[in-house]
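# Survey of secondary and tertiary structure
The primary structure of each chain is shown beneath.
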Amino acid sequence: MSLTVCKFGGSSLADGNNIARAADILLRDGARRYVVVSAPGKRFSADEKITDMLYACWRECEKTGSCAEAFVKIRKRFTSIVAELGMEGFGMDAILDETERAIEREKSADFTASRGEYLNARLIAAKLGWTFVDAAELIFFDEKGQFDEAKSYPLIEQKLKNCEHAVIPGFYGTDACGKVKTFSRGGSDVSGSIIARGVGADLYENWTDVSGFLACDPRIVQKPQKMERISYKELRELSYMGANVLHADAIFPVRKGNIPINIKNTFAPEDPGTLILPSVQYGKSENLVTGIAGKKDFTVIFLEKSMMNAEVGFARKVLSVLEEDGICFEHMPSGIDTLSLVIESKYLAGGVLDRLIEQIRAAVSPDYVRVLENIALVATVGHGMAKSVGTSARLFGALSAEGINIRMIDQGSSEINIIVGIDNDDYEKCVRTIYREFFGEGNKTAESVL
Ligand code: ADP
Ligand code: ASP
Ligand code: MG
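Basis of the calculations
- Residues numbered from 1 in each chain as written.
- Chains lettered and ligands numbered in written order.
- Predicted model: local features only at pLDDT ≥ 70, side-chain atom pairs only at ≥ 80, totals over all residues.
- Heavy atoms only, no water.
- Helix = DSSP H or I, 4+ residues; strand = E, 2+ residues; numbered from the N terminus.
- Rg over C-alpha atoms; globule rule 2.2 N^0.38 Å.
- Buried < 20%, exposed > 50% of the residue type's maximum accessible area, 1.4 Å probe, protein only.
- Areas by Shrake-Rupley, 256 points an atom, 1.4 Å probe, with all protein chains shown as cover.
- Lys, Arg positive; Asp, Glu negative; His and termini not counted.
- Charge placed at Lys NZ, Arg CZ, Asp CG, Glu CD.
- Expected span 1.5 Å × (residues − 1).
- Arc of directions from axis to C-beta.
- Contact = heavy atoms within 4.5 Å.
- Near = heavy atom within 4 Å.
- Polar contact = N/O pair within 3.5 Å; in protein donor to acceptor, adjacent residues only side chain to side chain.
- Nonpolar A, V, L, I, M, F, W, Y, C, P; charged D, E, K, R; others polar.
- pLDDT = per-residue confidence, 0-100.
- Pairing = 2+ DSSP bridges.
- Axes fitted to C-alpha atoms, helices over the stretch in contact; angles between N-to-C directions.
- Parallel < 35°, antiparallel > 145°, perpendicular 65-115°, else oblique.
- Phe/Tyr/Trp six-rings, centres within 6.5 Å; stacked < 30°, edge-to-face > 60°.
- Lys NZ or Arg CZ within 6 Å of the ring centre and 35° of its normal.

Attention shifts here to the overall build of the protein. Within the protein one finds 14 helices and 15 strands. The C-alpha radius of gyration of the protein comes to 24 Å, within 12% of the 22 Å expected for a compact globule of 450 residues. C-alpha extents for the protein along the principal axes are approximately 75 × 55 × 40 Å. Looking at the protein as a whole, 53% of its 450 residues are labelled buried. Carbon and sulfur atoms provide 48% of the accessible area of the protein, an area that totals close to 20000 Å². Considering the protein, the positive charge centre built from 54 side chains and the negative charge centre built from 63 side chains are found 2 Å apart.

Below is the structure:
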C-alpha cells in the first residue's frame, strides 16, 4: 500500500469549516496516513495569522513578563474554531491555559511562535481521532542550528512506525540544547518534507489555496498559467527567488529520497495540481519557460579594475571581506575586468554599506566602485531555455520595448535561469512583461527540453 504524507498550510486551516474540509480530504484516501499542519492563517486579506499574533505575545512577554493581553485574541480564535467544529467537549480551554503559562515560563520567541502549530495539531488530531505526535520529538537541529538528519530520520522512522495515523505540528523541532526552535517563516513546508523522507513516503502532498505552481505570482498577473509538472531544480530556483507557494528549503529532504511533491488545492481537491519531480523523470515540457519569480530590495556593488582577470585571489579577497562582516551575497556576476556583488539591502543598513566599501577598497584597490540601490531581481526559469536559441534576446527585447532599464544580468551556470536586476519600481511591470512574452498567445514551444 502506498504511503502519502500531507501538509496543510495555514491558508487551508484558517477556520473550523476549512479544518473540516481538510479532515475530509485526509479520510478520503487510505494512503494519507501522516499529516503535518500549520497554524491557522488568514480568513480574509485583512485578517491576522495566528503566528503573527504569537510574535506579538512574545513582544508583550519580553516587555512585561506576561502575555495576558495579546493571548486573548489567540484564545478567541481557537475558541471559535472549536465551536465551528462542534468540539466544545474536547477540553481546548485547558490546553490554551497551559500554553499561555508555558509561553510565560519558556521566555523564548521560537517556543512562543511554535504554539500555533502545536495547538492546531492537538485540535486536528482530536477531530480525526488520530495520534498527536509532537515535532519536538521528531525533528532536531545541530549546534550550528542546521537540521540534523542523522538524529532526526531514525527517530521519525521509529516513532511513526507503530502509528497507523498521526498529526504532527509543522514549523519547529528541538535544538541542540533541548529547546524548541522554529524554521524560518513558512517552514511547515520543510517539516512536511522531512517527515515524508523520514517515513519513506511515496508522495508528499502539499495542500494550499491555489491549484498548483503558477507561472508567476497570481497577485501580479491575473490567473497565470498553471504548471502540470516542474523539476526539483526549477522549483528550487523559483521558490528561492520568491515564489512563496513552497518554502525554498522544502525541496532538500524529498529530493534525497526521490519523493515527488504534489501541490494541491484544498478548495478544489479534484484539480490535479502540480507534480514536482526529479529531473530524470520530468521528461518533455511544452513550455520554454516554466516560471517567473522575483524579490525586491537588493543592492549591487559594482567593482572594476584593469587586469582583474590576471590578479590571483581578487575574488577571494573581496569575499573574505564579506565573510568577516558575516554578510551573505546573493549573486556575483563577473566580466573580464568587472565583478558585481548583489546583496540583500537589509544587511547593509545603518552604515554597513559604507564600511564594506572602505574594506573592499583597502583589500583589492579597485579602479572604480559604483553602488546601485533599490534593485529588484527577477528570475526567468525553465529547462527549455538551455536548449533553445534566442531566449535571452526575446526576454531583453520585450523589456526594452516596455522601457524597462536592465541594471544587471546574471545567467546561472545551470542555464535554467536568467536573472535581471531592475529598479524596484519596475518590478511588477517586469514580471508582467516577461509573462506576456513567454506565456501570451502563440508562445508555447513543443520542443523537447531534456
Ligand atoms: P500556505 O498557507 O498553504 O502555506 P502560502 O500563502 O504560503 O500557503 O502560499 C500560497 C500562496 O503563494 C498563494 O496563495 C499565492 O498567492 C502565492 N504564490 C506566489 N507565487 C506563486 C506561484 N508561482 N504559484 C502559486 N502561488 C504563488
Ligand atoms: N505558521 C508559520 C508561519 O506563518 C509556519 C507556516 O505556516 O509554514 O510562517
Ligand atoms: Mg506557506
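Here we take up helix H4 (residues 92-106). Under the 1.5 Å per step criterion, the end-to-end length of H4 is 21 Å for 15 residues, consistent within 8% with the ideal 21 Å. Every buried residue belonging to H4 is among Met92, Ile95, Leu96, Thr99, Glu100, Ala102 and Ile103, and all of these are buried. For H4, the buried positions fall inside an angular range of 165 degrees around the axis, keeping them on one side. H4 presents Ala94 and Arg105 as exposed residues on the side facing more than 90 degrees away from its buried surface. For H4, the secondary structure elements touched by its buried residues are helix H2 (50-64), helix H3 (68-84) and helix H5 (109-128).

The environment of ligand 2 is made up of Ser38, Thr51, Glu117, Phe171, Arg185, Gly186, Gly187 and Ser188. Between ligand 2 and the protein, one listed contact pairs an oxygen atom with a backbone N or O atom of Gly186 at 2.8 Å. A total of 260 Å² of accessible area belongs to ligand 2 in isolation, and the protein chains cover 92% of it. Along the lines of polarity and charge, the residues of the shell around ligand 2 split into 1 nonpolar, 5 polar and 2 charged.

Here we come to the site of ligand 1. The environment of ligand 1 is made up of 18 residues, and the closest members are Ser11, Thr208, Asp209, Leu214 and Asn244. Measuring from an oxygen atom of ligand 1, one finds a side-chain N or O atom of Thr208 at 2.7 Å. Side-chain polar atom of Asp209 to an oxygen atom of ligand 1: 2.8 Å apart, as the coordinates give it. In the complex, the protein chains occlude 84% of the 570 Å² of accessible area that ligand 1 would expose alone. Tallied by class, the residues present in the shell around ligand 1 amount to 8 nonpolar, 6 polar and 4 charged.

Take the confidence of the model for the protein next. On average, residues of the protein carry a pLDDT of 93, and 96% of them reach 70 or more. Across residues 442-450, confidence stays below pLDDT 50; counting only partners more than four residues off in sequence or on other chains, it has 27 contacts.

With that settled, the discussion passes to the sheet that holds strand E3 (residues 131-132). Ordered in space as E3-E4-E2-E1-E7-E9-E10-E8, the 8 strands form an open sheet in which the pairing is mixed. At either margin of the open sheet sits one strand with a lone partner, and together these are E3 and strand E8 (229-231). Across 5 bridges, strand E1 (residues 4-8) lies against strand E2 (residues 32-37) in parallel orientation. By the bridge assignment for E2, Thr4 is matched with Arg32. Its contacts with the sheet put helix H8 (residues 232-240) on E8, strand E9 (261-265) and strand E10 (274-277), and the angle it makes with E8 is roughly 85 degrees.

A few words on unusual backbone geometry. The phi torsion of most residues other than glycine is negative, and most of the peptide bonds are trans. A positive phi angle, near 70 degrees, is found at Asp297, a position not held by glycine. Mapped onto the secondary structure, Asp297 falls in strand E11 (residues 291-304). On the basis of relative accessible area, Asp297 is assigned to the partly exposed category, the value being 43%. Positive phi, close to 65 degrees, is recorded for Met307, a residue that is not glycine. Position of Met307 among the secondary structure elements: in the loop between E11 and helix H11 (314-324). Owing to a relative accessible area of 56%, Met307 belongs among the exposed residues under this scheme.

So, about the side chain of Ser191. You can see Ser191 is positioned in helix H7 (residues 188-198). Exposure remark for Ser191: the relative accessible area of 1% places this residue in the buried category. A polar contact of 2.8 Å, which involves the side chain of Ser191, links it to the backbone nitrogen of Phe171. Each residue touching Ser191, except ones within four places of it in the same chain, is listed here: Val36, Ile139, Gly170, Phe171, Tyr172 and Phe183.

Glancing now at helix H6 (residues 149-161). Here H6 contains 13 residues, and its C-alpha end-to-end distance of 18 Å stays within 8% of the 18 Å for a straight helix at 1.5 Å per residue. Taken as a whole, H6 has its buried residues at Ser152, Tyr153, Ile156 and Leu160. Along the axis of H6, the buried positions cluster into a sector of 95 degrees, meaning they face one direction only. Of the residues in H6, the exposed ones pointing more than 90 degrees away from the buried face are Ala150 and Lys161. Its side-chain oxygen placed 3.3 Å from the backbone nitrogen of Ala150, Asp148 serves as the N-cap of H6.

Before going further, it helps to examine the packing of H6 against H7. One can describe the packing of H6 onto H7 by two numbers: an axis separation of 8 Å at closest approach and a directional angle of 70 degrees. Between H6 and H7, the angle falls in the class roughly perpendicular. The residues of H7 that touch H6, namely those facing Tyr153, Ile156, Glu157 and Leu160, are Ile194, Ile195, Arg197 and Gly198.

Overall, the coordinates contain 6 aromatic pairs when judged by the stated rule. Ring centres of Phe147 and Tyr153 lie 5.6 Å apart, and the angle between their planes is 75 degrees; on these two criteria the pair is classed as edge-to-face. Residue class for Phe147 comes out partly exposed when judged on its relative accessible area of 22%. Above the face of the Phe132 ring, Arg122 is positioned so that its terminal group lies 5.7 Å from the ring centre. One Lys or Arg, Lys295, reaches over the ring of Tyr240 and ends 4.3 Å from the middle of that ring.

So, on to the pairing of strand E14 (residues 408-411). Regular strands place side chains that alternate from one sheet face to the opposite one. Because side chains alternate across E14, one face comprises the buried residues Met408 and Asp410, and the other comprises Ile409 and Gln411, none of which is buried. Inspection of the sheet shows E14 paired to strand E15 (residues 417-423) by 4 bridges, in the antiparallel sense. Along E15, the bridge assignment pairs Gln411 with Ile418.

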